[in-house]
Amino acid sequence: MSEIIYNGFDPLVQPPALYPEYKSTVLRAPSKPLVLLKKSLAELSGPVFGDINLGPLDNDLTKNSIRNGEPIGERIVVHGTVKDEWGRPIPHALIEVWQANACGRYVHKVDQHDAPLDPNFLGTGRCLTDAEGNYRFYTIKPGAYPWGNHHNAWRPNHIHFSVFGANIGSRLVTQMYFPGDPLLQYDPIFLGVPPAGRELLISQFDLSLTEPNFALGYRFDIVLRGSGATPFENR
Ligand SMILES: [Fe+2]
């Protein structure tokens, strides 16, 4: 079986496995040197999800779980292009997103933050890139929320992304942030990413993507693998 050549993680961009200020990494990070496995054809031929049929509201988190009204918060539309490490657009990539509601609360039993749930907002959705690698989804701008990492720790506003590209070896799990968020400078998850990678995680407000009288537009472009890759949220 022939070896598949991918560019590896770029340490100038990708976060280290151990970043002590992000306390979960202390127990999670490998304590011994990694054993590199030989890449195989399975990475190129393994199951991917580009052919599934999405529901008509899967890419609209403002509508996909409405029960008795509109979700509360600021409507936004997120656009972007998914490319590979050589700059080629990736069509039919599956993008799954999940996030807190406008008050900073997830619909999850582990989330006990004393902020209201929104009966009309689940906070999950998905979409596929088109033939040119472009994607788009609608949602509510997520709120900040506290977490137990350290005293007075708050996560910046963020949307979690999982991206499946042309094969399983190109999967990316990351977080999209918002420009100008004052919490970024205090967030160890964001700061665990080397400086050269941080800007790749911050979306750009774009008036041309903004839909009049409806939703503010943000652009978040994604690169899978290679030296310009969008940083993983951790390793
Ligand atoms: Fe989160």
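Source: prediction; values computed, not measured.

> I'd like a rundown of the packing of aromatic side chains, residues and numbers included.
Following the criterion strictly, the structure yields ten aromatic pairs and no others. Here the aromatic rings of Tyr-22 and Trp-147 are separated by 5.8 Å at their centres, their planes lie at 70 degrees, and the arrangement is edge-to-face. Of this pair, Tyr-22 sits in the segment before α1 (24-28) while Trp-147 sits in the loop between β5 (145-146) and β6 (154-155), and the two are 125 residues apart along the sequence. Residue classification places Trp-147 among the buried residues on the basis of a relative accessible area of 19%. Ring centres 5.9 Å apart and planes at 75 degrees place the aromatic pair Tyr-138 and Phe-214 in the edge-to-face group. In this pair, Tyr-138 sits in strand β4 (residues 134-140) while Phe-214 sits in the loop between β9 (204-205) and β10 (216-219), placing the two residues 76 residues apart along the sequence. The rings of Tyr-135, Phe-137, Phe-161 and Phe-220 are connected pair by pair, giving a single aromatic cluster. Seen from the ring of Trp-147, Arg-155 lies directly overhead, with NZ or CZ sitting 5.7 Å from the centre.

> How would you explain the environment of Ile-90 if you had to name every residue and give the values?
Looking at the secondary structure, you find Ile-90 in the loop between β1 (75-84) and β2 (94-98). Each C-alpha atom of the pair Ile-90 and Gly-133 lies 4.7 Å from the other, and the pair is 43 residues apart in sequence. Setting aside chain neighbours within four positions, we find Ile-90 in contact with Val-82, Lys-83, Asp-84, Thr-129, Asp-130, Gly-133, Gly-165, Ala-166 and Leu-224.

> Talk me through the pattern of salt bridges; I want residue IDs and the actual numbers.
Once the charged atoms of two side chains with opposite charge are near each other, the side chains can pair. Across all of its chains, the model carries six salt bridges by this definition. For Asp-111, the salt bridge identified is with Arg-105, shortest N-O distance 3.8 Å. Between Arg-155 and Asp-187 there is a salt bridge; the shortest N-O distance is 2.9 Å. Placement of the pair is Arg-155 in strand β6 and Asp-187 in the loop between β8 (172-177) and α3 (188-191), with a sequence separation of 32 residues. Residue Arg-155 is classed as buried on the basis of its relative accessible area of 2%. On the basis of relative accessibility, which here comes to 0%, the residue Asp-187 falls in the buried class.

> Would you mind going over the coordination of the iron ion in detail, with residue names and values included?
For the iron ion, the full set of protein donor atoms is Tyr-106 (OH), Tyr-145 (OH), His-158 (NE2) and His-160 (NE2), at a range of 1.9 to 2.2 Å. Between consecutive donors of the iron ion, the numbers of intervening residues give the motif Y-x38-Y-x12-H-x1-H. Of this pair, Tyr-145 sits in strand β5 while His-160 is found in strand β7 (residues 158-164), placing the two residues 15 residues apart along the sequence. Of the two residues, Tyr-145 and His-160, neither departs from the other in class, the shared state being buried.

Rules used in this analysis
- Residues numbered from 1 in each chain as written.
- Predicted model: local features only at pLDDT ≥ 70, side-chain atom pairs only at ≥ 80, totals over all residues.
- Heavy atoms only, no water.
- Phe/Tyr/Trp six-rings, centres within 6.5 Å; stacked < 30°, edge-to-face > 60°.
- Helix = DSSP H or I, 4+ residues; strand = E, 2+ residues; numbered from the N terminus.
- Buried < 20%, exposed > 50% of the residue type's maximum accessible area, 1.4 Å probe, protein only.
- Lys NZ or Arg CZ within 6 Å of the ring centre and 35° of its normal.
- Contact = heavy atoms within 4.5 Å.
- Salt bridge = Lys/Arg side-chain N within 4 Å of Asp/Glu carboxyl O.
- Donors = N, O, S within 2.8 Å, 3.2 Å for Na, K, Ca; no water.

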